[in-house]
Amino acid sequence: MELAQNRTGSTIPRHDSEPPPAAISATGVERRFRRGRADVHALGPIDLDIAAGEFCCLVGPSGCGKSTFLRLVAGLLRPSAGRLEIRATAPNPAAMIFQDYGIYPWKTVLANVRFGLDVQGVPRKQATKRARDWLSRMGLTDFADAYPASLSGGMRQRVSIARALAVEPEILLMDEPFAALDAQLRTILQEELLAICEADRRTVLFVTHSLEEAIVLGDRVLVMSARPGHVLAERTPPFGRPRSGDVRHSPECAELKAELWDLLRGEIEPAGGGGR
Ligand SMILES: Nc1ncnc2c1ncn2[C@@H]1O[C@H](COP(=O)(O)OP(=O)(O)OP(=O)(O)O)[C@@H](O)[C@H]1O
Ligand SMILES: [Mg+2]
(Lines give C-alpha, C1' and ligand atoms only; values in the text may rest on other atoms or scores of the structure.)
(Ligands and ions follow the chains in the order given, each with its own letter.)
Protein backbone atom coordinates (compact mmCIF):
# COMPACT_ATOMS: atom_id res chain seq x y z
CA MET A 1 0.00 0.00 0.00
CA GLU A 2 1.28 3.43 -0.88
CA LEU A 3 1.75 5.43 2.24
CA ALA A 4 0.92 9.10 2.27
CA GLN A 5 3.89 11.37 2.29
CA ASN A 6 4.22 13.66 5.21
CA ARG A 7 3.67 17.00 3.55
CA THR A 8 3.04 19.36 6.41
CA GLY A 9 5.98 18.11 8.44
CA SER A 10 3.64 18.03 11.40
CA THR A 11 2.65 14.41 11.61
CA ILE A 12 4.66 11.47 12.84
CA PRO A 13 7.04 9.97 10.25
CA ARG A 14 5.65 6.77 8.81
CA HIS A 15 7.41 3.45 8.28
CA ASP A 16 6.06 0.17 7.04
CA SER A 17 5.20 -0.87 10.57
CA GLU A 18 3.47 2.38 11.27
CA PRO A 19 -0.15 2.47 10.15
CA PRO A 20 -2.44 4.22 9.74
CA PRO A 21 -1.73 6.53 6.82
CA ALA A 22 -3.54 9.86 6.57
CA ALA A 23 -7.30 9.59 6.18
CA ILE A 24 -7.33 12.85 4.24
CA SER A 25 -4.41 14.11 2.14
CA ALA A 26 -4.56 17.36 0.24
CA THR A 27 -1.75 18.37 -2.10
CA GLY A 28 -1.99 21.77 -3.74
CA VAL A 29 -5.78 21.64 -3.60
CA GLU A 30 -7.47 24.72 -5.05
CA ARG A 31 -11.02 25.64 -5.87
CA ARG A 32 -12.24 28.44 -8.10
CA PHE A 33 -15.80 29.48 -8.85
CA ARG A 34 -17.20 31.38 -11.80
CA ARG A 35 -19.35 34.28 -10.72
CA GLY A 36 -20.76 35.90 -13.85
CA ARG A 37 -17.67 36.73 -15.83
CA ALA A 38 -15.44 36.82 -12.79
CA ASP A 39 -13.32 33.94 -11.58
CA VAL A 40 -13.33 33.70 -7.79
CA HIS A 41 -10.31 31.99 -6.30
CA ALA A 42 -12.08 30.63 -3.24
CA LEU A 43 -9.52 28.27 -1.74
CA GLY A 44 -5.97 27.13 -1.74
CA PRO A 45 -3.49 25.90 -2.38
CA ILE A 46 -4.08 23.62 0.59
CA ASP A 47 -1.43 21.09 1.61
CA LEU A 48 -2.57 19.01 4.51
CA ASP A 49 -2.52 15.52 5.98
CA ILE A 50 -5.13 14.50 8.51
CA ALA A 51 -4.47 11.24 10.31
CA ALA A 52 -7.12 8.60 10.75
CA GLY A 53 -8.77 9.20 14.10
CA GLU A 54 -7.56 12.77 14.34
CA PHE A 55 -9.90 15.56 15.43
CA CYS A 56 -8.84 18.53 13.37
CA CYS A 57 -10.35 21.99 13.80
CA LEU A 58 -10.30 24.66 11.11
CA VAL A 59 -10.53 28.34 11.97
CA GLY A 60 -10.27 31.26 9.59
CA PRO A 61 -11.92 34.46 8.46
CA SER A 62 -15.35 34.42 6.86
CA GLY A 63 -15.21 33.61 3.16
CA CYS A 64 -11.74 32.04 3.27
CA GLY A 65 -13.00 28.73 1.91
CA LYS A 66 -13.59 26.54 4.98
CA SER A 67 -16.99 25.28 3.85
CA THR A 68 -15.62 24.85 0.35
CA PHE A 69 -12.85 22.62 1.71
CA LEU A 70 -15.34 20.49 3.61
CA ARG A 71 -17.47 20.15 0.48
CA LEU A 72 -14.41 19.02 -1.45
CA VAL A 73 -13.60 16.38 1.18
CA ALA A 74 -17.24 15.26 1.17
CA GLY A 75 -17.05 14.81 -2.60
CA LEU A 76 -19.77 17.42 -3.18
CA LEU A 77 -17.31 19.53 -5.19
CA ARG A 78 -14.21 18.76 -7.24
CA PRO A 79 -10.91 20.56 -6.80
CA SER A 80 -10.00 22.95 -9.65
CA ALA A 81 -6.38 21.95 -9.11
CA GLY A 82 -4.34 19.64 -6.91
CA ARG A 83 -4.96 16.23 -5.47
CA LEU A 84 -7.29 15.24 -2.68
CA GLU A 85 -7.09 11.70 -1.38
CA ILE A 86 -9.53 10.17 1.05
CA ARG A 87 -8.46 6.83 2.46
CA ALA A 88 -11.27 4.88 4.01
CA THR A 89 -12.67 1.39 3.97
CA ALA A 90 -16.30 2.25 3.16
CA PRO A 91 -17.47 3.58 -0.21
CA ASN A 92 -19.17 6.63 1.36
CA PRO A 93 -16.94 7.33 4.30
CA ALA A 94 -17.85 10.93 5.06
CA ALA A 95 -20.95 12.47 6.58
CA MET A 96 -21.40 16.21 6.65
CA ILE A 97 -23.14 18.41 9.16
CA PHE A 98 -23.90 21.67 7.44
CA GLN A 99 -23.75 25.22 8.70
CA ASP A 100 -27.47 25.62 7.92
CA TYR A 101 -28.61 22.21 9.26
CA GLY A 102 -29.31 20.63 5.87
CA ILE A 103 -32.29 18.65 7.13
CA TYR A 104 -35.39 17.92 5.08
CA PRO A 105 -38.43 20.00 6.10
CA TRP A 106 -40.87 17.48 4.59
CA LYS A 107 -39.60 14.59 6.68
CA THR A 108 -40.29 14.03 10.37
CA VAL A 109 -37.43 14.25 12.85
CA LEU A 110 -37.23 10.46 13.04
CA ALA A 111 -37.27 10.09 9.25
CA ASN A 112 -34.53 12.72 8.95
CA VAL A 113 -32.28 10.85 11.38
CA ARG A 114 -33.09 7.52 9.71
CA PHE A 115 -32.44 8.93 6.25
CA GLY A 116 -28.78 7.95 5.88
CA LEU A 117 -29.50 4.48 7.23
CA ASP A 118 -32.35 4.04 4.72
CA VAL A 119 -29.94 5.04 1.94
CA GLN A 120 -27.41 2.49 3.23
CA GLY A 121 -30.11 -0.18 3.09
CA VAL A 122 -30.14 -0.85 6.83
CA PRO A 123 -33.28 -2.90 7.59
CA ARG A 124 -36.17 -0.68 8.65
CA LYS A 125 -36.54 -1.97 12.21
CA GLN A 126 -32.86 -1.70 12.95
CA ALA A 127 -32.65 1.73 11.32
CA THR A 128 -35.56 3.01 13.40
CA LYS A 129 -33.98 1.67 16.57
CA ARG A 130 -30.65 3.31 15.82
CA ALA A 131 -32.32 6.58 14.87
CA ARG A 132 -34.37 6.59 18.10
CA ASP A 133 -31.20 5.86 20.04
CA TRP A 134 -29.49 8.94 18.60
CA LEU A 135 -32.60 11.05 19.13
CA SER A 136 -32.51 10.06 22.76
CA ARG A 137 -28.82 10.97 23.08
CA MET A 138 -29.62 14.35 21.59
CA GLY A 139 -32.60 14.89 23.93
CA LEU A 140 -35.13 14.74 21.11
CA THR A 141 -37.12 11.65 22.01
CA ASP A 142 -40.38 13.57 22.37
CA PHE A 143 -39.98 15.15 18.94
CA ALA A 144 -39.54 12.04 16.82
CA ASP A 145 -42.81 12.63 14.96
CA ALA A 146 -42.49 16.42 14.70
CA TYR A 147 -41.51 18.28 11.53
CA PRO A 148 -38.42 20.52 11.50
CA ALA A 149 -40.51 23.70 11.06
CA SER A 150 -41.89 23.25 14.58
CA LEU A 151 -38.43 22.98 16.16
CA SER A 152 -36.09 25.66 17.46
CA GLY A 153 -32.79 26.28 15.68
CA GLY A 154 -30.89 24.40 18.36
CA MET A 155 -33.18 21.39 18.07
CA ARG A 156 -32.84 21.38 14.29
CA GLN A 157 -29.10 21.36 14.62
CA ARG A 158 -29.29 18.41 17.00
CA VAL A 159 -31.39 16.56 14.42
CA SER A 160 -28.70 17.22 11.87
CA ILE A 161 -25.98 15.95 14.23
CA ALA A 162 -27.99 12.84 15.08
CA ARG A 163 -28.51 12.15 11.38
CA ALA A 164 -24.81 12.37 10.60
CA LEU A 165 -23.72 10.28 13.60
CA ALA A 166 -26.37 7.59 13.05
CA VAL A 167 -24.60 6.35 9.92
CA GLU A 168 -21.38 5.95 11.93
CA PRO A 169 -19.21 7.62 9.33
CA GLU A 170 -15.45 7.12 9.26
CA ILE A 171 -15.02 10.80 8.55
CA LEU A 172 -17.22 13.39 10.14
CA LEU A 173 -17.29 16.81 8.49
CA MET A 174 -18.78 19.44 10.75
CA ASP A 175 -19.34 22.95 9.44
CA GLU A 176 -19.92 25.29 12.38
CA PRO A 177 -22.36 22.77 13.82
CA PHE A 178 -22.88 24.62 17.10
CA ALA A 179 -22.77 28.21 15.89
CA ALA A 180 -26.52 28.80 16.13
CA LEU A 181 -26.90 27.31 19.59
CA ASP A 182 -27.07 29.12 22.91
CA ALA A 183 -23.92 28.95 25.03
CA GLN A 184 -25.23 26.32 27.47
CA LEU A 185 -26.42 23.94 24.78
CA ARG A 186 -23.22 24.47 22.87
CA THR A 187 -21.18 23.44 25.90
CA ILE A 188 -23.35 20.36 26.41
CA LEU A 189 -23.04 19.27 22.79
CA GLN A 190 -19.27 19.83 22.87
CA GLU A 191 -19.12 17.44 25.84
CA GLU A 192 -21.33 14.98 23.99
CA LEU A 193 -19.09 15.15 20.92
CA LEU A 194 -15.95 14.66 23.04
CA ALA A 195 -17.55 11.59 24.61
CA ILE A 196 -18.65 10.19 21.24
CA CYS A 197 -15.21 10.64 19.72
CA GLU A 198 -13.49 9.11 22.74
CA ALA A 199 -15.75 6.08 22.72
CA ASP A 200 -15.20 5.53 19.03
CA ARG A 201 -12.32 7.41 17.43
CA ARG A 202 -13.30 8.96 14.13
CA THR A 203 -11.58 11.35 11.81
CA VAL A 204 -13.24 14.71 12.32
CA LEU A 205 -12.84 17.93 10.39
CA PHE A 206 -14.57 20.62 12.40
CA VAL A 207 -15.00 24.22 11.24
CA THR A 208 -15.66 26.85 13.87
CA HIS A 209 -15.34 30.57 14.43
CA SER A 210 -14.86 29.95 18.15
CA LEU A 211 -11.19 29.64 19.04
CA GLU A 212 -12.15 28.24 22.43
CA GLU A 213 -14.26 25.55 20.83
CA ALA A 214 -11.40 24.62 18.50
CA ILE A 215 -8.98 24.32 21.44
CA VAL A 216 -11.40 22.36 23.62
CA LEU A 217 -12.25 19.84 20.91
CA GLY A 218 -9.24 19.56 18.62
CA ASP A 219 -6.14 17.40 18.56
CA ARG A 220 -4.91 20.05 16.18
CA VAL A 221 -6.11 23.54 15.23
CA LEU A 222 -5.41 24.82 11.73
CA VAL A 223 -5.49 28.55 11.14
CA MET A 224 -6.47 29.60 7.64
CA SER A 225 -5.59 32.83 5.86
CA ALA A 226 -8.04 35.19 4.21
CA ARG A 227 -9.42 34.08 0.83
CA PRO A 228 -8.07 32.22 -1.03
CA GLY A 229 -7.55 30.30 2.19
CA HIS A 230 -4.38 28.36 2.82
CA VAL A 231 -3.08 26.94 6.10
CA LEU A 232 -1.20 29.75 7.86
CA ALA A 233 -0.29 27.90 11.02
CA GLU A 234 -1.23 24.98 13.18
CA ARG A 235 -1.22 24.44 16.91
CA THR A 236 -1.69 21.40 19.10
CA PRO A 237 -3.80 22.06 22.22
CA PRO A 238 -1.79 20.69 25.18
CA PHE A 239 -4.56 18.44 26.48
CA GLY A 240 -4.63 14.67 26.35
CA ARG A 241 -7.57 12.34 25.91
CA PRO A 242 -9.95 11.59 27.40
CA ARG A 243 -10.63 15.26 27.76
CA SER A 244 -13.43 17.20 29.37
CA GLY A 245 -14.82 20.54 28.28
CA ASP A 246 -13.46 21.93 31.55
CA VAL A 247 -10.09 22.46 29.86
CA ARG A 248 -11.68 25.70 28.60
CA HIS A 249 -11.06 27.18 32.06
CA SER A 250 -7.33 26.39 32.07
CA PRO A 251 -4.55 28.96 31.67
CA GLU A 252 -3.17 26.87 28.77
CA CYS A 253 -6.44 27.38 26.91
CA ALA A 254 -6.37 31.14 27.50
CA GLU A 255 -2.77 31.30 26.34
CA LEU A 256 -3.39 29.35 23.15
CA LYS A 257 -6.52 31.36 22.44
CA ALA A 258 -4.50 34.58 22.61
CA GLU A 259 -1.87 33.10 20.33
CA LEU A 260 -4.45 31.94 17.77
CA TRP A 261 -6.16 35.29 17.86
CA ASP A 262 -2.84 37.02 17.14
CA LEU A 263 -2.43 34.81 14.08
CA LEU A 264 -5.98 35.38 12.92
CA ARG A 265 -6.56 39.07 13.50
CA GLY A 266 -4.29 40.14 10.65
CA GLU A 267 -6.44 38.08 8.27
CA ILE A 268 -9.74 39.66 9.20
CA GLU A 269 -10.80 42.74 7.27
CA PRO A 270 -12.00 45.68 9.35
CA ALA A 271 -15.79 46.06 9.23
CA GLY A 272 -15.55 49.50 7.64
CA GLY A 273 -13.83 48.07 4.57
CA GLY A 274 -10.53 49.39 3.41
CA GLY A 275 -9.02 45.92 3.00
CA ARG A 276 -5.72 44.91 4.39
N1 LIG B 1 -21.07 27.88 -5.36
C2 LIG B 1 -20.34 29.00 -5.32
N3 LIG B 1 -20.33 29.86 -6.39
C4 LIG B 1 -19.59 30.98 -6.35
N5 LIG B 1 -18.82 31.34 -5.32
C6 LIG B 1 -18.79 30.55 -4.24
C7 LIG B 1 -19.56 29.33 -4.19
N8 LIG B 1 -19.32 28.73 -2.98
C9 LIG B 1 -18.46 29.54 -2.32
N10 LIG B 1 -18.15 30.62 -3.08
C11 LIG B 1 -17.21 31.69 -2.70
O12 LIG B 1 -16.03 31.08 -2.23
C13 LIG B 1 -15.49 31.79 -1.12
C14 LIG B 1 -15.35 30.85 0.06
O15 LIG B 1 -16.63 30.49 0.51
P16 LIG B 1 -16.87 29.51 1.74
O17 LIG B 1 -18.33 29.38 1.92
O18 LIG B 1 -16.08 28.28 1.56
O19 LIG B 1 -16.22 30.36 2.95
P20 LIG B 1 -16.21 30.04 4.52
O21 LIG B 1 -14.79 30.11 4.95
O22 LIG B 1 -16.96 28.82 4.81
O23 LIG B 1 -16.96 31.32 5.13
P24 LIG B 1 -17.92 31.43 6.43
O25 LIG B 1 -16.97 31.44 7.60
O26 LIG B 1 -18.57 32.75 6.27
O27 LIG B 1 -18.86 30.29 6.43
C28 LIG B 1 -16.43 32.95 -0.88
O29 LIG B 1 -15.91 34.08 -1.50
C30 LIG B 1 -17.73 32.52 -1.52
O31 LIG B 1 -18.47 33.61 -1.96
MG1 LIG C 1 -18.71 28.40 5.83
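Preceding this section is the structure that the text describes.
Just so we're clear, the structure is a prediction, and the values are computed from it rather than from any experiment.

Thresholds, definitions, all that
- Residues numbered from 1 in each chain as written.
- Chains lettered and ligands numbered in written order.
- Predicted model: local features only at pLDDT ≥ 70, side-chain atom pairs only at ≥ 80, totals over all residues.
- Heavy atoms only, no water.
- Salt bridge = Lys/Arg side-chain N within 4 Å of Asp/Glu carboxyl O.
- Buried < 20%, exposed > 50% of the residue type's maximum accessible area, 1.4 Å probe, protein only.
- Core = buried A, V, L, I, M, F, W, Y, C linked by side-chain atoms within 4.5 Å.
- Helix = DSSP H or I, 4+ residues; strand = E, 2+ residues; numbered from the N terminus.
- Domains from an automatic or database assignment.
- Contact = heavy atoms within 4.5 Å.
- Pairing = 2+ DSSP bridges.
- Axes fitted to C-alpha atoms, helices over the stretch in contact; angles between N-to-C directions.
- Right-handed = clockwise from strand over helix to strand, strands pointing away.
- Near = heavy atom within 4 Å.
- Polar contact = N/O pair within 3.5 Å; in protein donor to acceptor, adjacent residues only side chain to side chain.
- Nonpolar A, V, L, I, M, F, W, Y, C, P; charged D, E, K, R; others polar.

Here we look at the pattern of salt bridges
A side chain with one charge may pair with a side chain of the opposite charge, provided their charged atoms come close.
Consideration 1: Using the criterion set out here, one finds 15 salt bridges in the structure.
Consideration 2: In this structure, the salt-bridge partner of Arg87 is Glu85, at a minimum N-O distance of 3.1 Å.
Consideration 3: Its relative accessible area of 17% is what places Arg87 among the buried residues.
Consideration 4: Here the salt bridges share partners, and the residues they tie into one network are Glu198, Arg201, Asp219 and Arg241.

Quick word on the nonpolar core
Consideration 1: One finds Phe55, Val113, Leu193 and Phe206 to be the most contacted residues of the largest nonpolar core, which totals 53 residues.
Consideration 2: With seven residues, the single largest contributor to this core is helix 4 (residues 153–166).
Consideration 3: Looking at which domains feed residues into this core, each of domain 1 (22–93 + 172–276) and domain 2 (102–168) supplies at least three.
Consideration 4: Dropping the residues within four chain positions of it, Leu193 is found in contact with Phe55, Met174, Phe178, Phe206 and Leu217.
Consideration 5: Residues Leu43, Leu70, Leu72 and Leu205 belong to the second largest nonpolar core, which totals 23 residues.

Observations regarding the sheet that holds strand 2 (residues 38–51)
Consideration 1: Ordered in space as 2-1-4, the three strands form an open sheet in which the pairing is antiparallel. Two strands lie at the open edges of the sheet, namely strand 2 and strand 4 (81–86), each paired on one side alone. Within this sheet the neighbouring strands show an average axis-to-axis angle of 20 degrees, counted without direction.
Consideration 2: Lying over the sheet, helix 1 (residues 66–74) contacts strand 1 (22–35), strand 2 and strand 4, oriented at roughly 120 degrees with respect to strand 1.

Considering the sheet that holds strand 5 (residues 94–97)
Consideration 1: As summarised here, the arrangement of the six strands in space is 5-6-7-3-8-9, forming an open sheet in which the pairing is mixed. Across the chains shown, the open sheet's two edge strands, defined by having one partner strand only, are strand 5 and strand 9 (231–235). Each strand of the sheet is rotated relative to its neighbour by a mean of 15 degrees, with strand direction disregarded.
Consideration 2: In this structure, strand 3 (residues 55–59) lies alongside strand 7 (residues 203–207), joined through four bridges in parallel fashion. Counted as the bridge partner of Cys56 is Leu205 from strand 7.
Consideration 3: The sheet strands contacting helix 1 are strand 3, strand 5, strand 6 (171–175), strand 7 and strand 8 (220–224), and the helix crosses strand 6 at an angle near 155 degrees.

Focus on the pairing of strand 6
Successive residues of a regular strand alternate their side chains across the two faces of the sheet.
Consideration 1: Extensive coverage of strand 6 is indicated by the burial of five of its five residues.
Consideration 2: Judged by which residues are buried, strand 6 turns out to be covered on both faces: Ile171, Leu173 and Asp175 on one side and Leu172 and Met174 on the other are all buried.
Consideration 3: As paired elements, strand 5 and strand 6 share four bridges and run parallel to each other. Bridge assignment links Ala95 to a residue of strand 6, and that residue is Leu172.
Consideration 4: One ladder, built from five bridges, connects strand 6 with strand 7; its direction is parallel. Residue pairing in the sheet places Leu173 in a bridge with Leu205 of strand 7.
Consideration 5: As a crossover connection, the stretch from strand 6 through helix 5 (residues 183–199) into strand 7 is right-handed.

With respect to the site of ligand 1
Consideration 1: Around ligand 1, a shell composed of 15 residues is seen, among which Arg35, Ser62, Gly63, Lys66 and Thr68 lie nearest.
Consideration 2: Here an oxygen atom of ligand 1 sits 3.2 Å away from a polar atom, N or O, in the main chain of Cys64.
Consideration 3: In the model, an oxygen atom of ligand 1 is placed 3.0 Å from a nitrogen or oxygen of the Gly65 main chain.
Consideration 4: Elements represented by at least two residues in the shell around ligand 1 include exactly strand 1 and helix 1.
Consideration 5: The element best represented in the shell around ligand 1 is helix 1, accounting for three residues.
Consideration 6: Tallied by class, residues from the shell around ligand 1 come to four nonpolar, seven polar and four charged.

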